[in-house]
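Close look at the chain arrangement
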Amino acid sequence: MLKNIVSAIKAYFKTFQLISKLKLWKYFGVPILISLLTATAIGFLAWGLSDNIGAFISKIWFWEWGAETFRTISDVLGALIIIAIGLILYKHIIMALSAPFMSPVSEKIEQHFLGTIHTHRNTTNASQLWRGIRINVRNLLLELLFTIPILLLSLIPIVNIFTSVLLFLVQAYYAGFGNMDYTLERHFTYRESISFVKRNKGTALGNGIVFMAMLLIPVVGIILVLPLSVTAASTETVNLLKESKQLKNAETLQNK
């Protein structure tokens, strides 16, 4: 698993070169716009709701002593909750809506490395969009299922140091999952893709770690996160398919 995490992270180092070589930038225009609009909308929502959530959390403190201190802590926690949930919504929204634009990128990368495009399933833009929505809604619900208990544990001093790391890793895994599926959707059904990612958790986690880290870079991170993460994920996923002989007996499309 550790080997796959490191390999997935290293895949980012060659993304700019690969994108330029295959002339992929033209595919990223609409996804970048989706990313910017989504991030802006969630940012305004977070700014407007953080104080309200902080006030709600502060009500659990019934004593007068330390009330002001706890209110300050509550405001910080409110902001953290909004940011955590905002990041979850952000990444699943952009990955779902960008599916029809990211699949051609994945195809170009597969053709570059294998000389051909292997596919078990013929898909359309509509089916790719539906697949993206289905995968990301599924991942969103599971991520919230894990995130909510982690956020509650973060209310405990000292423990919240570890929960912050755990929360980051949970978000990273599902981000990597979504990026890998742009390649997997041509080869596997919905359930087969889920099984494949579960067997290759390290790749999803490594890809998602850089994805989440890039979002910490103002503006630039939001612009580049999809182009770089999808390119890196496609490269690694094609390698995994090849190594596991999952491309065997597939139809081959030449010069698509």
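Overview of the structure. (Residues numbered from 1 in each chain as written. Predicted model: local features only at pLDDT ≥ 70, side-chain atom pairs only at ≥ 80, totals over all residues. Heavy atoms only, no water.)

What about the overall build of the protein chain?
- Broken down by element type, the protein chain carries 10 helices and 2 strands.
- In the protein chain, the order of α-helices and β-strands from amino to carboxyl end is α-α-α-α-α-β-α-α-α-α-α-β.
- A buried classification covers 48% of the 256 residues belonging to the protein chain.
- Within the protein chain, contacts between residues separated by at least 24 positions form 83% of all contacts whose residues are at least 6 apart in sequence. (Helix = DSSP H or I, 4+ residues; strand = E, 2+ residues; numbered from the N terminus. Buried < 20%, exposed > 50% of the residue type's maximum accessible area, 1.4 Å probe, protein only. Contact = heavy atoms within 4.5 Å.)

Here we look at the side chain of S234
- With respect to the helices and strands, the residue S234 is situated in helix α10 (residues 220-243).
- Excluding residues that lie within four positions of it along the chain, S234 makes contacts with S106, I109 and T183.

Remarks on a nonpolar patch on the surface
- Together, I85, L89, I93, L97 and L129 give the surface a local cluster of nonpolar side chains, amounting to about 340 Å² of exposed area.
- Broken down by element, the nonpolar patch gets its largest block of residues, 4 residues, from helix α4 (residues 67-97).
- When you line up the elements, L89 lands in helix α4. (Patch = residues over 30% accessible without salt bridge, like charges linked within 9 Å, V, L, I, M, F, W, Y side chains within 5 Å. Areas by Shrake-Rupley, 256 points an atom, 1.4 Å probe, with all protein chains shown as cover. Salt bridge = Lys/Arg side-chain N within 4 Å of Asp/Glu carboxyl O.)

Section: the environment of G208
- For G208, the position within the fold is in helix α9 (residues 201-214).
- Distance in space between the C-alpha atoms of G208 and Q171 is 7.4 Å, their sequence separation being 37 residues.
- Once residues within four sequence positions are removed from consideration, G208 is found in contact with A172, A175 and G176.

Brief notes about helix α8 (residues 190-199)
- Taken together, the buried positions of α8 are Y190, S193, I194, F196 and V197. Here the buried residues of α8 occupy an arc of 165 degrees about the axis, which is enough to place them on one side. Away from its buried face by more than 90 degrees, α8 exposes R191 and R199.
- Residues of α8 that are buried sit in contact with α6 (125-153), α7 (159-187), α9 and α10. (Arc of directions from axis to C-beta.)

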